[in-house]
Structures are given as C-alpha cells and as structure tokens.
Amino acid sequence: MSESPAPTTPTSITLDFTPKTAERSPALSVFISFSLGILLDFCFQPELFYWMILCGITITSWVVCYRNHFNSTSTILLLMIIICLGGMRHHEFWYCHTPNHISRVVQKHDELEEHTQLIRLTGKIRSKPQIQISASDEQFNPDQPTQRTSFILDCGELISN
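My aim in this report is to walk through the structure given alongside it, one point at a time. (Residues numbered from 1 in each chain as written. Predicted model: local features only at pLDDT ≥ 70, side-chain atom pairs only at ≥ 80, totals over all residues. Heavy atoms only, no water.)

1. Points about the environment of S160
Here is step 1 of the chain: With respect to the helices and strands, the residue S160 is situated in strand 4 (residues 153–160).
Here is step 2 of the chain: With 42 residues separating them in the primary sequence, S160 and L118 have C-alpha atoms 6.5 Å apart.
Here is step 3 of the chain: Beyond its immediate stretch of four places on either side in the chain, S160 contacts Q117, L118 and I119. (Helix = DSSP H or I, 4+ residues; strand = E, 2+ residues; numbered from the N terminus. Contact = heavy atoms within 4.5 Å.)

Right under this line is the structure:
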C-alpha cells in the first residue's frame, strides 16, 4: 500500500501584486521635451542652422554613449534630440518662408511697441476673393475683425515707409 502524504496545515498566503518598479510614462517625457523645444524656439528664435548643428552634435554624442552602454547619458541625449526636433519643427513652421513671401520684405523692430509696419501693395488679383466669417468662439482677440478676405495677388510694386 502507498502511504498517504503528511498532513499539512492551511496557512494564509498573501500575494503582493504591486509592481516592484516605478511606473513609466515615456510618451509624457517625449511630449515635455518636444514642447520645451517649441518654447525655446519661440523665446530665443535661433536660426534653423543652429538647431540642425545642435541636433547633429547630439545625435553623434548619443551614438557614442549608446555604443559604450552609458544608458542614463544616452537617455538624456535622446531627450535633447527631441528638444532639437521640436525647435526645428516650430522654426520651420513659423519662420521659414519662400523667397517671394511678403514677410521677407517687412523689417523687424526691436522696440517695445507693437511690431507693425504699414506697406502698400499694387498688383493684379489672380484668384477670386474668398470671404471667411469667423464664428465668435473662434476669435481669440476681440480686436480682430470678424471677416477675413483672402486672395492671390500678383505683386507689381511694394511701397513701405
């Protein structure tokens, strides 16, 4: 005959399902880094060339640190690359224009007053004018006109000052 197993006493087993490490949220750090790049470009407005140089140096440094297994340094450099990409994206969207864009003609003033300059354009209208009426909730500035007319103008002469 076979022997029966030894009697066991029931004990309460407590299972700990809490994670042993801190919760990670990588998308948040990428979002914050990208936003920081946008904020830096908005405040200081460096040229696109400087953003590209800084990004190239940072990528090269990241490759060296990654290959040498400097994990924390390579993580910081990756976030710096994201900062550079945010700054480049913001600069390209707001400050880079085609050579014939009207903003290249208007000169910037470093005064405390509003940065406005009156100019007069003469030319031929090439497209049918489109009138856009903004809804009241779309207007961020109460002094902004509620109606906007847009068309393509073939500029013949520009008079400033």
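2. Details of a nonpolar patch on the surface
Here is step 1 of the chain: On the surface, a cluster of nonpolar side chains totalling about 550 Å² of accessible area is made up of F49, Y50, M52, I53 and I57.
Here is step 2 of the chain: With respect to the helices and strands, the residue I57 is situated in helix 2 (residues 48–67). (Patch = residues over 30% accessible without salt bridge, like charges linked within 9 Å, V, L, I, M, F, W, Y side chains within 5 Å. Areas by Shrake-Rupley, 256 points an atom, 1.4 Å probe, with all protein chains shown as cover. Salt bridge = Lys/Arg side-chain N within 4 Å of Asp/Glu carboxyl O.)

3. So, the packing of aromatic side chains
Here is step 1 of the chain: Within this structure, the stated rule accounts for three aromatic pairs.
Here is step 2 of the chain: Pairing F49 with Y50 gives two aromatic rings, centres 5.9 Å apart and planes at 65°, and the pair type is edge-to-face.
Here is step 3 of the chain: Exposure remark for Y50: the relative accessible area of 52% places this residue in the exposed category.
Here is step 4 of the chain: Relative to W94, the ring of F93 lies with its centre 5.2 Å away and its plane at 80°, an arrangement referred to as edge-to-face. (Phe/Tyr/Trp six-rings, centres within 6.5 Å; stacked < 30°, edge-to-face > 60°. Buried < 20%, exposed > 50% of the residue type's maximum accessible area, 1.4 Å probe, protein only.)

4. Topic: the nonpolar core
Here is step 1 of the chain: If you look at the biggest cluster of nonpolar residues, it comprises five residues: W51, C55, I81, C84 and M88.
Here is step 2 of the chain: Breaking this core down by element, the ones donating at least two residues are helix 2 and helix 3 (71–94).
Here is step 3 of the chain: It is helix 3 that contributes the most residues to this core, three residues altogether. (Core = buried A, V, L, I, M, F, W, Y, C linked by side-chain atoms within 4.5 Å.)

5. Details of helix 2
Here is step 1 of the chain: For helix 2, spanning 20 residues, the distance from its first C-alpha to its last is 29 Å, which sits close to the expected 28 Å at 1.5 Å a residue.
Here is step 2 of the chain: What helix 2 keeps buried is the set W51, C55, T58 and C65. Along helix 2, the residues classed as buried sweep out an arc of 95° about the axis, all on the same side. Those residues of helix 2 that are exposed and aimed more than 90 degrees away from the buried face are F49, I57, T60 and R67.
Here is step 3 of the chain: Looking at the buried positions of helix 2, the neighbouring elements they touch are helix 1 (26–44) and helix 3.
Here is step 4 of the chain: One or two steps after helix 2, the chain reaches H69, where phi turns positive at roughly 60°. (Expected span 1.5 Å × (residues − 1). Arc of directions from axis to C-beta.)

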